[in-house]
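# Breakdown of the fold
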Amino acid sequence: MALLPLLLLILAISTDVEGAKKSFGMYDSNPVKKLFVFGDSYVDTGNFLHSGSYKPPSGITFPGTPAGRFGNGRVLTDYLASFLKIESPTPYALKNSSNLQNGINFAYGGTGIFKTLVDGPNVTTQIDSFEQLLKQNVYNKSDLDSSVVLLNAGANDYTTFALKNRSFLEIEQFTESLVKEKTSSLRRIHSLGPQKIAVGLLQPIGCLPTIAVISLYQNCIDLLNLVSKSHNKLMLQAVDDLNQEVGKPVFSALDLYNSFQSSIETMQKNHHDNSTLMNPLEPCCAPESAGYNCGKVDDNGEKKYSLCENPELSFFWDNVHPSQNGWYSVFMQLQPSLGQLTYKE
């Protein structure tokens, strides 16, 4: 066969194969280029450099050593990045030693919408850092046009409120001010360019082990879950209002509340049917005495905490953070709703 006809045949066959791959979904139909993350320890993957997230036993499941995540392994950010078919974005604190092709994670454990008990950058300051990078042309308009933003914050604000006020008489007013400020942050992020912005709803705080211990880890505390429900109701309305404001579905809510609840209820049923399985309301990494927490050691270097037998089967890693298994369970509940964060070619 002559060379030219052979080349044309090869080209025709390769074109058909390429078309077939696209037809059968072998190519990524959701070309998200970047993920930008703002918020607290539920989405922080390494910004709080001198915290317990960089000390044992954090990271024992993934990546095997402490690496800046508040838990034994992957957190919500990791699972969302995987869904978007990109690697987890680089923590802002490590931006000078890592590539930034997948975006940046500005989230900082312990922080919130307002100033909290942790002296770290709150969401406003995190957005300031994002804006500064844009001014430096680290990312261009094309990057932002095909990016996704995740904002998850608020729980630490309620903790700070409770410890400072010691009363829930003003909780309704506080919730309104918190949602209002959170909405302003979402509006500001959109003004910088991103077109897909997801905000995490508040988890059922009455189910956190630090609260559920009141019931000896048998039940969530419904009274405190009402705080989460009230917050989420206002937040959902705010998301609707923002979308109407911009005239298209830019903003979406990730329902952490019901995802947590559903996962916990399923694990509770399994635990009830088989008592050898772990109670989901109990922390895997538990302090052995008051005044200590997961990862703490005394002056002699002795561990003041104990680990459950199978961390990979727990729901909560410590008193407030889900384990990798917990986050995976939550992610599986969220996954059907994540299509709204994808882009069409």
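One structure accompanies this document, and this report is about it. (Residues numbered from 1 in each chain as written. Predicted model: local features only at pLDDT ≥ 70, side-chain atom pairs only at ≥ 80, totals over all residues. Heavy atoms only, no water.)

Where helix α2 (residues 76-83) contacts helix α10 (residues 324-334), the two axes come as close as 9 Å, and the packing angle between them is 45°. In terms of axis orientation, α2 runs oblique to α10. In the crossing of α2 with α10, the sense of the turn from one axis to the other is right-handed. Residues L76, Y79, L80 and F83 of α2 form the contact with α10, whose participating residues are Q324, W327, Y328, F331 and L334. In terms of residue class, the contact of α2 with α10 is made up of 8 nonpolar, 1 polar and no charged. (Axes fitted to C-alpha atoms, helices over the stretch in contact; angles between N-to-C directions. Helix = DSSP H or I, 4+ residues; strand = E, 2+ residues; numbered from the N terminus. Parallel < 35°, antiparallel > 145°, perpendicular 65-115°, else oblique. Left-handed = near helix turned anticlockwise from the far one by under 90°. Contact = heavy atoms within 4.5 Å. Nonpolar A, V, L, I, M, F, W, Y, C, P; charged D, E, K, R; others polar.)

Turning our eyes to something else, we now look at the packing of helix α5 (residues 155-165) against helix α6 (residues 171-191). With their axes 11 Å apart at the nearest point, α5 and α6 run at an angle of 145° to one another. As α5 packs across α6, the resulting crossing turns out to be right-handed. Contact residues: D157, Y158 and F161 in α5; I171, F174, T175 and L178 in α6. Looking at side-chain class alone, the contact of α5 with α6 contains 5 nonpolar, 1 polar and 1 charged residues.

This paragraph deals with the pairing of strand β6 (residues 251-254). Taking every second residue as pointing to the same face, both faces of β6 are buried, with F251 and A253 on one and S252 and L254 on the other. Pairing between strand β5 (residues 197-200) and β6: 4 bridges, direction parallel. By the bridge assignment, A198 is partnered in β6 with S252. (Buried < 20%, exposed > 50% of the residue type's maximum accessible area, 1.4 Å probe, protein only. Pairing = 2+ DSSP bridges.)

L35, F36, F38 and W327 are the most contacted members of the largest nonpolar core, which has 78 residues in total. One finds M278, C284, C285 and W317 within the second-largest nonpolar core, a separate group that totals 7 residues. (Core = buried A, V, L, I, M, F, W, Y, C linked by side-chain atoms within 4.5 Å.)

The full count for this structure, using the stated rule, is 3 disulfides. Paired through a disulfide, C207 and C220 show a sulfur-sulfur distance of 2.1 Å. Disulfide C207-C220: the torsion about the S-S bond is 105°, which places it as right-handed. Placement of C207 in the loop between β5 and α7 (209-212) and of C220 in the loop between α7 and α8 (222-246) is noted, with a sequence separation of 13 residues between them. With respect to class, C207 is no different from C220; both count as buried. Linked covalently through their sulfurs, C285 and C294 form a disulfide whose S-S length is 2.1 Å. Across the S-S bond of C285 and C294 the torsion is about 95°, and the bridge reads as right-handed. (Disulfide = S-S within 2.5 Å.)

Where burial is concerned, most of strand β1 (residues 34-39) is hidden: 6 out of the 6 residues are buried. Of the two faces of β1, the one carrying K34, F36 and F38 and the one carrying L35, V37 and G39 are both buried. As paired strands, β1 and strand β4 (residues 147-152) are joined by 6 bridges and run parallel to one another. Bridging across to β4, L35 finds its partner in V148. In this structure, β1 lies alongside strand β3 (residues 103-105), joined through 3 bridges in parallel fashion.

Time to look at unusual backbone geometry. Residue P57 is reached from P56 by a cis peptide bond, and omega for that bond is 5°. By secondary structure assignment, the location of P57 is in the loop between β1 and α2. Note that the residue after F62, namely P63, is joined by a cis bond; omega there is 0°. For P63, the location among the structural elements is in the loop between β1 and α2. The backbone of N137 shows a phi angle near 60°, a positive value even though the residue is not glycine. Along the polypeptide, N137 turns up in the loop between α3 (123-135) and α4 (141-145).

Function cannot be inferred from these measures alone, as they are strictly geometric.
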